[in-house]
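Given next are the chains, with one letter for each unit.
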Amino acid sequence: HNERQTARIVRSSFRVTALLAFPMGLGLWSLSGPIFRLFYPRYDGELGGQLLSVLGIASIFVCLMLISNSILQSYGRVHVPVFTMLIGGVVKIIFNYNLTAVPSINIHAAPFGTLVCFVIVSSLNLFFVYRTMEDKPNYFKVFAKPLVASLVMAVCAKVSYRFFAAHIALGGATTTQIVNVGLAVVLAVIVYVALVLALRIVTRDDLALLPKGEKLARILHVR
């Protein structure tokens, strides 16, 4: 019944989720084509990359759904996540059933159906979290900075991969692809970490929710 402490934990939980989910999803979106070609070189890399990029964005909303489910359940509103998942599931079935039959859309409907489903579920969950809490979370304040940092990181990953792909060619195609994707990922991680620290996105309380978070906070000099 400590609303102030509960609100602090909820805000930190959302920030940590955004800190991990946003770069994960947007990173997969930005390098979807190269990653798909790396793991499935025999298949259509353009089509596979398009499908994977949509699923990358969808993964962000899956993470938001999971953390908001936990928050709602901790408040005793265990029926709400079931209700929102049912709505999202019905929308996905309708979406997939009707659009996959359209020749011009076909397989593209599957990942888009997943994206629409989890956007609806996570949005409804966030709405009910807001309605449930006395100390209302400021979603813009929580999510804005991680989103900006992740978008910059994603652009960096996409641009750097194109640069490396144009200038690096090793013995084999697979080796070249591994090196190019790996360098783009490493550079993107460096940019993202630098932005997280520069924008002061994360606090010591946020890191305390992670395993060995206190040690990480000391290393990064996070207050």
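Just above, that's the structure.
Residues numbered from 1 in each chain as written. Predicted model: local features only at pLDDT ≥ 70, side-chain atom pairs only at ≥ 80, totals over all residues. Heavy atoms only, no water.

Moving on: the state of the cysteines. Note: disulfide means a covalent bond formed between the sulfur atoms of two cysteine side chains. Going through the model one piece at a time under the given rule, you end up with 0 disulfides. With no disulfide of its own, Cys-117 lies closest to Cys-63 among cysteine sulfurs, the gap being 14 Å. The class of Cys-117 is buried, set by a relative accessible area of 3%. (Disulfide = S-S within 2.5 Å. Buried < 20%, exposed > 50% of the residue type's maximum accessible area, 1.4 Å probe, protein only.)

Not every positive phi belongs to a glycine, and Asn-106 is a case in point at roughly 50°. You can see Asn-106 is positioned in the loop between helix H4 (79–99) and helix H5 (109–132). (Helix = DSSP H or I, 4+ residues; strand = E, 2+ residues; numbered from the N terminus.)

On to the environment of Leu-86, then. Relative to the assigned elements, Leu-86 resides in helix H4. The sequence separation of Leu-86 and Arg-131 amounts to 45 residues, and the corresponding C-alpha distance is 20 Å.

Looking now at the environment of Phe-163. Structurally, Phe-163 is set in helix H6 (residues 139–167). Taking the C-alpha atoms as reference points, Phe-163 and Ala-184, 21 residues apart in sequence, are found 9.1 Å from one another.

All right, on to a positive patch on the surface then. Where like charges cluster on the molecular surface, the positive patch consists of Lys-141, Lys-145, Arg-200 and Arg-223. Take Lys-145: it is sitting in helix H6. (Patch = residues over 30% accessible without salt bridge, like charges linked within 9 Å, V, L, I, M, F, W, Y side chains within 5 Å. Areas by Shrake-Rupley, 256 points an atom, 1.4 Å probe, with all protein chains shown as cover. Salt bridge = Lys/Arg side-chain N within 4 Å of Asp/Glu carboxyl O. Lys, Arg positive; Asp, Glu negative; His and termini not counted. Charge placed at Lys NZ, Arg CZ, Asp CG, Glu CD.)

What follows deals with the nonpolar core. Where a protein is soluble and globular, its nonpolar side chains tend to be buried together. Of all hydrophobic cores here, the largest spans 38 residues; its most connected members are Phe-14, Val-129 and Phe-143. Sorting the residues of this core by element identifies helix H1 (3–30), helix H3 (45–74), H5, H6 and helix H7 (173–198) as the ones contributing at least two each. Tallying contributions element by element places H6 first for this core, with 9 residues. Among all residues touching Val-129, those that are not within four sequence positions of it are Phe-14, Ser-68, Ile-71, Leu-72 and Tyr-139. (Core = buried A, V, L, I, M, F, W, Y, C linked by side-chain atoms within 4.5 Å. Contact = heavy atoms within 4.5 Å.)

A separate point is the packing of H3 against H5. At a closest axis distance of 8 Å, the pairing of H3 and H5 adopts a crossing angle of 25°. With respect to their mutual orientation, H3 and H5 come out roughly parallel. Remark: the crossing between H3 and H5 carries left-handed chirality. For the contact of H3 with H5, the class distribution of residues is 20 nonpolar, 6 polar and no charged. (Axes fitted to C-alpha atoms, helices over the stretch in contact; angles between N-to-C directions. Parallel < 35°, antiparallel > 145°, perpendicular 65-115°, else oblique. Left-handed = near helix turned anticlockwise from the far one by under 90°. Nonpolar A, V, L, I, M, F, W, Y, C, P; charged D, E, K, R; others polar.)

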